[in-house]
Protein chains: 2
Amino acid sequence: MKKPVWILSTLLVLMPALSNASDSMADKAVDYRQGVFSILGWNIGPMVQMMKKEKPYDKDIFARNAQRMAAVAPMALEGFIPDSATKDSDAKPKIWSNMDDFKSKMKDLETASAELAAVAKTGDMAQIGPKFQNLGQACKACHDEYREE
Amino acid sequence: MKKPVWILSTLLVLMPALSNASDSMADKAVDYRQGVFSILGWNIGPMVQMMKKEKPYDKDIFARNAQRMAAVAPMALEGFIPDSATKDSDAKPKIWSNMDDFKSKMKDLETASAELAAVAKTGDMAQIGPKFQNLGQACKACHDEYREE
């Protein structure tokens, strides 16, 4: 059977669209997981400012950011492939010798961000506060143990 | 009214968890949008390999990656804040003088990734092929015009 025409044209179209096609798999994995953490950081920033009353609480933006964090948090673990503690990475090598604990901490991040996203829709600070704190603790628990500061 | 205790403790907990807290807003925006594109690139990579038959088609992974692309594609635009064509960015300055066209191209990416995610669940290549090609074209249209290669 001949390949349909769309397969060939898709390949031609996609070649230049793939970023960093020449990077090693480890470099791509580092870019990818750092990308996930950049999105988490970008979104939590305004939420922290709202909690600190440095900017007015905006229920919709807070809820949207929480939802985005919940959407990307489950994507992070996949980027921690073997042999990817590169010079561009802040990941401590002990991640790979403590993978079960690391996975458990990533799962905590996933749970905490999902739970915050769920209550953020209500706009009820009595519910949001404790869930936000849980999320902060999930970030900190992993950074303290597994990230070079 | 006194601030509840959890607000204070949340702030203490979160301080070290925020990545690149000292970076400028432009640098954070570049990190953020590059993070979105890293996630897109990471996920489309194996999909391209499956389409090229370099690796076996796995319906679940293909559908999961398509869903992830659809989840993060709508997050990219927010990172193109004014005055953020920094030295670390591949974004051409003309993005900001052609913002309506740029937004329209980002919307095409959003639509194409959502449509691919919808059909990817079926595993039906007759539907997936054309939607995958649309997504590739949406990537390419914007890269050609607005990204330094």
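What you see is a predicted model; the values in this text were computed from it and never measured.

1. Side note on the packing of helix H2 (residues 25–51) of chain A against helix H3 (residues 59–72) of chain A
Residue and element names in this part refer to chain A. Two elements in contact, H2 and H3, have axes whose closest approach is 9 Å; the angle formed by their N-to-C orientations is 155 degrees. As judged from the angle between their axes, H2 and H3 are roughly antiparallel. Note that H2 runs across H3; the crossing there is left-handed. Contacts from Val-36, Ile-39, Leu-40, Asn-43, Ile-44, Pro-46, Met-47, Met-50 and Met-51 in H2 reach Ile-61, Phe-62, Asn-65, Ala-66, Arg-68, Met-69 and Val-72 in H3.

2. Notes on the packing of helix H3 (residues 59–72) of chain B against helix H5 (residues 99–120) of chain B
All names here are of chain B. Two elements in contact, H3 and H5, have axes separated by 8 Å at closest approach and are oriented at 155 degrees. One element, H3, and the other, H5, form an angle in the roughly antiparallel class. In the crossing of H3 with H5, the sense of the turn from one axis to the other is left-handed. The segment H3 lies against H5, with Lys-59, Phe-62, Ala-63, Ala-66, Gln-67, Met-69 and Ala-70 engaging Ser-113, Ala-114, Leu-116, Ala-117 and Ala-120. Residues of the contact of H3 with H5, tallied by class, amount to 9 nonpolar, 2 polar and 1 charged.

3. Considering the packing of aromatic side chains
Evaluated as defined, the whole model comprises 14 aromatic pairs over all chains. Note on Phe-102 of chain B and Tyr-146 of chain B: the rings are 5.4 Å apart at their centroids and 90 degrees apart in plane angle, and the pair reads as edge-to-face. Of this pair, Phe-102 of chain B sits in helix H5 while Tyr-146 of chain B sits in helix H6 (residues 125–146), placing them 44 residues apart in sequence. By the burial criterion, Phe-102 of chain B is buried, and Tyr-146 of chain B matches it. An aromatic cluster of at least three residues, connected via ring pairs, comprises Phe-37, Phe-80, Trp-96, Phe-102 and Tyr-146 of chain A.

4. Describing the state of the cysteines
Two cysteines whose sulfur atoms are joined by a covalent bond form what is called a disulfide. Residue and element names in this part refer to chain A. Using the criterion set out here, one finds 0 disulfides over all chains in the structure. The thiol of Cys-142 is unpaired, and the distance to the nearest cysteine sulfur, on Cys-139, comes to 9.0 Å. A residue is classified by how much of its surface remains accessible, and Cys-142, at 11% relative accessible area, is buried.

Conventions used here
Residues numbered from 1 in each chain as written. Chains lettered and ligands numbered in written order. Predicted model: local features only at pLDDT ≥ 70, side-chain atom pairs only at ≥ 80, totals over all residues. Heavy atoms only, no water. Axes fitted to C-alpha atoms, helices over the stretch in contact; angles between N-to-C directions. Helix = DSSP H or I, 4+ residues; strand = E, 2+ residues; numbered from the N terminus. Parallel < 35°, antiparallel > 145°, perpendicular 65-115°, else oblique. Left-handed = near helix turned anticlockwise from the far one by under 90°. Contact = heavy atoms within 4.5 Å. Nonpolar A, V, L, I, M, F, W, Y, C, P; charged D, E, K, R; others polar. Phe/Tyr/Trp six-rings, centres within 6.5 Å; stacked < 30°, edge-to-face > 60°. Buried < 20%, exposed > 50% of the residue type's maximum accessible area, 1.4 Å probe, protein only. Disulfide = S-S within 2.5 Å.

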